[in-house]
Amino acid sequence: MSDFDWNDLRAFLAVARLGRLTIAAQRMGIDHSTLSRRLSALEGALGTRLFDRRPSGFALTADGERLLADAERMESVAIGLRARLDVDAHQVGGTVRLGTPEAFGTYFLAPRLAEFCAAQPALEIELVANPRSFSLSKREADLAIGMTRPETGRLYARKLVDYALGVYAARAYADSAGAIRSADDLPHHRWIGYVDDLLWTSELNYLPQVSAAIHPQARISNVITQLEAVRGGAGLAVLPHFLARTCPELVAVLPGAVRIVRAYWLIAHADTRDLPRVRLVSDFLTRQAEAAGDAFWLGSP
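Residues numbered from 1 in each chain as written. Predicted model: local features only at pLDDT ≥ 70, side-chain atom pairs only at ≥ 80, totals over all residues. Heavy atoms only, no water.

1. Quick notes on the nonpolar core
To keep things clear, this is the line we draw: By convention a nonpolar core is built from buried Ala, Val, Leu, Ile, Met, Phe, Trp, Tyr and Cys residues, the set being connected through side-chain atoms within 4.5 Å. Note on exposure labels: buried denotes an accessible area under 20% of the residue type's maximum, exposed denotes more than 50%, and partly exposed covers the range between, all computed with a 1.4 Å probe on protein chains only. Every residue pair with non-hydrogen atoms within 4.5 Å of one another is taken to be in contact.
In this structure, Trp191, Tyr206, Val210, Val238, Leu239 and Leu250 are the most contacted members of the largest nonpolar core, which totals 60 residues. Apart from the residues lying within four places of it in its own chain, the contact partners of valine 238 are Leu165, Gly166, Val167, Trp191, Tyr206, Leu207, Val210, Gln226 and Ile260. In terms of nonpolar packing, the next biggest core, distinct from the first, is built from 19 residues, Ala11, Val15, Leu39 and Phe58 among them.

2. Digging into the confidence of the model for the protein chain
Quick note on the threshold: Scored from 0 to 100, pLDDT reflects the predictor's confidence in each residue. Strands here mean DSSP runs of E at least two residues long; helices mean DSSP runs of H or I at least four residues long; both are numbered from the N terminus.
When pLDDT is averaged across the protein chain, the result is 88; 93% of the residues are at 70 or more. When pLDDT is averaged over each helix and strand of the protein chain, the minimum, 73, is found for helix 4 (residues 62-88) and the maximum, 98, for strand 7 (residues 192-193).

3. A word on the packing of helix 5 (residues 102-109) against helix 9 (residues 223-231)
Going by this rule: Here, axes are lines fitted to C-alpha atoms. For helices the fit covers the stretch in contact, and angles between N-to-C directions go from 0 to 180 degrees. By definition in this entry, angles of less than 35 degrees are roughly parallel, angles greater than 145 are roughly antiparallel, angles of 65 to 115 are roughly perpendicular, and the rest are oblique. Under this grouping Gly is polar, as are all residues other than the nonpolar Ala, Val, Leu, Ile, Met, Phe, Trp, Tyr, Cys and Pro and the charged Asp, Glu, Lys and Arg.
Relative to each other, helix 5 and helix 9 sit at 70 degrees, their axes nearing to 8 Å. On the basis of their axis angle, the class for helix 5 and helix 9 is roughly perpendicular. Touching Glu102, Ala103, Thr106 and Tyr107 of helix 5 are Val223, Ile224 and Leu227, all from helix 9. For the contact of helix 5 with helix 9, a count of residues per class yields five nonpolar, one polar and one charged.

4. Description of helix 2 (residues 21-28)
Cut-off, in case you're wondering: Directions drawn from the helix axis to the C-beta atoms are what define this arc.
Restricting attention to buried positions, one finds in helix 2 the residues Leu21, Ala24, Ala25 and Met28. End-on, the buried residues of helix 2 take up no more than an arc of 100 degrees, which puts them together on one face. Contacts made by the buried residues of helix 2 are with helix 1 (6-18), helix 3 (32-46) and strand 2 (57-60). Following helix 2 by one or two positions, glycine 29 adopts a phi angle in the positive range, close to 75 degrees.

5. Examining the pairing of strand 1 (residues 51-54)
For a regular strand, the rule is simple: side chains alternate between the two faces of the sheet. Worth spelling out the cut-off: Should DSSP find at least two bridges between two strands, the strands are regarded as paired.
Across four bridges, the pairing between strand 1 and strand 2 is antiparallel. Pairing of arginine 54 across the sheet is with glycine 57, part of strand 2. As consecutive antiparallel partners, strand 1 and strand 2 are separated by two residues.

6. Quick word on the pattern of salt bridges
For clarity, the threshold we go by: By definition, a salt bridge exists where a carboxyl oxygen of Asp or Glu is found within 4 Å of a side-chain nitrogen of Lys or Arg.
With the rule as written, the count across this model stands at 14 salt bridges. A salt bridge links arginine 49 to aspartate 52, with the nearest nitrogen and oxygen atoms 2.0 Å apart. A residue is classified by how much of its surface remains accessible, and aspartate 52, at 24% relative accessible area, is partly exposed. A salt bridge links glutamate 249 to arginine 231; the nearest nitrogen and oxygen atoms lie 2.4 Å apart. Here glutamate 249, found in the loop between helix 10 (241-244) and strand 10 (250-253), pairs with arginine 231, found in helix 9; they are 18 residues apart in sequence, far enough to count as distant.

7. Regarding the environment of asparagine 130
Examined against the element boundaries, asparagine 130 turns out to sit in the loop between strand 4 (123-129) and strand 5 (143-146). By relative accessible area, asparagine 130 is classed as partly exposed at 32%. Residues asparagine 130 and glycine 57, 73 residues apart in the sequence, show an inter-C-alpha distance of 23 Å. Setting aside its immediate chain neighbours within four residues, asparagine 130 contacts Thr100, Pro101 and Glu102.

8. Examining helix 1
The condition is simple: To estimate how far a helix should reach, multiply one less than its number of residues by 1.5 Å.
Between the first and last C-alpha of helix 1 there are 19 Å, a value that for 13 residues agrees with the 18 Å anticipated at 1.5 Å per step. Along helix 1, the residues classified as buried are Asp8, Leu9, Ala11, Phe12, Leu13, Ala14, Val15 and Arg17. Glycine 19, located one to two residues past helix 1, shows a positive phi value of around 80 degrees.

9. What to know about the packing of aromatic side chains
Our working definition: Working definition: rings of Phe, Tyr and Trp (its six-membered ring) pair if their centres are within 6.5 Å, and the pair is stacked with planes under 30 degrees apart, edge-to-face with planes over 60 apart, and tilted otherwise.
Counted by the stated rule, this structure contains 11 aromatic pairs. On the basis of an interplanar angle of 15 degrees and a centroid distance of 4.3 Å, the ring pair of tyrosine 163 and tyrosine 264 is categorised as stacked. Placement of tyrosine 163 in strand 6 (residues 155-170) and of tyrosine 264 in strand 11 (residues 260-269) is noted, with a sequence separation of 101 residues between them. Comparing tyrosine 163 with tyrosine 264, the two get one shared label, buried. Put simply, the rings of Phe104, Phe108, Tyr163, Phe242, Tyr264 and Phe296 touch in pairs and so form one group of aromatic residues.

Structure follows, in structure tokens:
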């Protein structure tokens, strides 16, 4: 076997995880022709084909699957070495990609980033606030905020915070619609819910917990757009209190009768959880959640 470059192995890992050459090249910060040459060089050095090139993307061959496990072990060693060097040099820099649900990332975390950026000028944050789950094993993120505790994989998770949700309406809708005196009145109103087959987690399936008789007229794939629909008077929706509180034109409907509680989990991969840069972000998230206190519950400032 000829010698091969570690950068070629990094190229292999990127394509194996992302499945497409152009996306992997963008993630690595190189052009796709350079990435293609690195893959070819690695295949030449190993004397085997690692990918099947298909119209849908790059699929690992049997040899590629076997190499993936070894490459990830080598990557783990490299990550650990980098962490020790950073500690020895008393410096924390680099980039941390944090994946979060869109409401948490946009309305809770983003306004608090100024404090972190001022305290850690050498550290860069990539905040990905999307309605989806993130694969830490595929290095889609260094840290993730999830709505459930993962049950598989080399992952560490701990509850970051519990939060409550309630039924909300625009004040104009509440004034013009029929009176809502009890939960029995709720199914007779217009509702906004999620698109069933686009739910990225079952934790978002709130409406059956309110009433099995509710059938939303408008189905929207993410909570921020749902919020705007409620503000526009399209109907009722279940919203996190910390999100609805940002809109003074919304009113809570039957706050004492409808109470839904969910949790945000802080998730890290075993290979990267102890990196100083990852620990700094993890500790910051923990402090912010603890300092927010009752902000995640109804009636808080």
